[in-house]
Amino acid sequence: MAVWQFVINLIPASAARIAGVNAARMSRGQLEEVVLALPIAKADALFAKLDMLLPEKPRSYTGLRVWGDEPADDIQVSFDDEFIEEIQVRFDAADLSLPLVGGVCDVARQLDCVFATPEGAIIQPSREAVVRTVLQSDAAHFVREPQGFIEKAVRLDQEDR
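Residues numbered from 1 in each chain as written. Predicted model: local features only at pLDDT ≥ 70, side-chain atom pairs only at ≥ 80, totals over all residues. Heavy atoms only, no water.

Description of the overall build of the protein
Thought 1: The number of helices and strands found in the protein is 6 helices and 9 strands.
Thought 2: For a compact globule of 161 residues, the expected C-alpha radius of gyration is about 15 Å, and the protein comes in at 16 Å, within 12% of that figure.
Thought 3: Over its C-alpha atoms, taken along the principal directions, the protein stretches across nearly 50 × 40 × 30 Å.
Thought 4: In the protein, which comprises 161 residues, the proportion classed as buried is 44%.
Thought 5: Restricting to contacts in the protein with at least 6 residues of sequence separation, those with at least 24 account for 56%.
Thought 6: When the accessible surface of the protein is summed, it comes to about 9200 Å², and 52% of that surface belongs to carbon and sulfur atoms. (Helix = DSSP H or I, 4+ residues; strand = E, 2+ residues; numbered from the N terminus. Rg over C-alpha atoms; globule rule 2.2 N^0.38 Å. Buried < 20%, exposed > 50% of the residue type's maximum accessible area, 1.4 Å probe, protein only. Contact = heavy atoms within 4.5 Å. Areas by Shrake-Rupley, 256 points an atom, 1.4 Å probe, with all protein chains shown as cover.)

Here you go:
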């Protein structure tokens, strides 16, 4: 992952509800317990939708398909014989594609999923929510002001020692 990329994973919407209320944030531990586990029978329809969003890269691994360009926008799908295990999306915060954001949101809604960031923020699958979160992210901060971002990271690193 590049510092200018904003990363989200699709997780089942049901996993992001606590006592019937949509969660705004989950701990890393809670996220690690979430399993996507979409039936592999949904794979062909999913892959066809992703083909419309980004070009697929040549396959180099069994159980992993990738659409897009790794240093820019890409979508990675991990699967086995029974389940789609993970769907990860990386958006280029320097050149955010609104059609891609909208398409990924459509896919998430069709699969009854929401998005989770590595930090635990839960994002509803709407273009506005995703764009707002990307614009407030570290990736966007880096794109807007690389020097300030690096200085802040160094300062925080020194404080952690």
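So, unusual backbone geometry
Thought 1: Despite not being glycine, Ala37 has its phi angle at roughly 45 degrees, a positive value.
Thought 2: Topologically, Ala37 is positioned in the loop between α1 (28-33) and β4 (38-39).
Thought 3: Look at Ala37 and you get partly exposed, because its relative accessible area is 31%.
Thought 4: Positive phi is not limited to glycine here, since Asp112 has a value of about 55 degrees.
Thought 5: Inspection of the secondary structure assignment puts Asp112 in the loop between α3 (98-110) and β8 (113-116).
Thought 6: By relative accessible area, Asp112 is classed as partly exposed at 47%.

Describing the layout of surface pockets
Thought 1: Roughly 370 Å³ of internal volume is contained in the largest pocket.
Thought 2: Phe6, Glu119, Ser137, Asp138 and Ala139 are, among the 18 residues lining the largest pocket, the residues nearest its centre.
Thought 3: At the level of elements, β1 (5-12), α4 (127-135) and α5 (138-144) are the ones that each hand at least two residues to the lining of the largest pocket.
Thought 4: Of the residues assigned to the lining of the largest pocket, the class counts are 9 nonpolar, 5 polar and 4 charged. (1 Å grid on protein atoms, 1.4 Å probe; cavity = no way out; pocket = protein on both sides within 12 Å on 5 of 7 lines; lining within 4 Å. Points joined across faces, edges and corners; volume = space filled by probe spheres on them. Nonpolar A, V, L, I, M, F, W, Y, C, P; charged D, E, K, R; others polar.)

Some thoughts on the pairing of strand β7 (residues 83-92)
Thought 1: With 7 of 10 residues buried, β7 is to be regarded as a mostly interior element.
Thought 2: Across 5 bridges, β1 lies against β7 in antiparallel orientation. Note on β7: the bridge partner recorded for Gln5 is Asp92.
Thought 3: Where β4 meets β7, 2 bridges bridge the pair, whose relative direction is antiparallel. (Pairing = 2+ DSSP bridges.)

Brief notes about empty space enclosed by the protein
Over the atoms rolls a probe the size of a water molecule, and its path tells where empty space is left.
Thought 1: Going through the model one piece at a time under the given rule, you end up with 1 cavity of 30 Å³ or more.
Thought 2: Of the volumes computed, that of the largest cavity is approximately 50 Å³.
Thought 3: Classifying every residue of the lining of the largest cavity gives 9 nonpolar, no polar and no charged.

A few points about the environment of Glu128
Thought 1: Among the structural elements, Glu128 can be located in helix α4.
Thought 2: Linking Glu128 and Val101, residues 27 residues apart in sequence, is a C-alpha distance of 9.2 Å.

Quick look at the packing of α3 against α4
Thought 1: At a minimum axis separation of 9 Å, α3 and α4 run at an interaxial angle of 125 degrees. Considering their axes alone, α3 and α4 lie oblique with respect to each other. In this structure, α3 meets α4 at a crossing whose hand is right-handed. Between α3 and α4, the residues in contact are Leu98, Pro99, Val101, Gly102 and Cys105 and Arg127, Val130 and Val131, respectively.
Thought 2: Looking at side-chain class alone, the contact of α3 with α4 contains 6 nonpolar, 1 polar and 1 charged residues. (Axes fitted to C-alpha atoms, helices over the stretch in contact; angles between N-to-C directions. Parallel < 35°, antiparallel > 145°, perpendicular 65-115°, else oblique. Left-handed = near helix turned anticlockwise from the far one by under 90°.)

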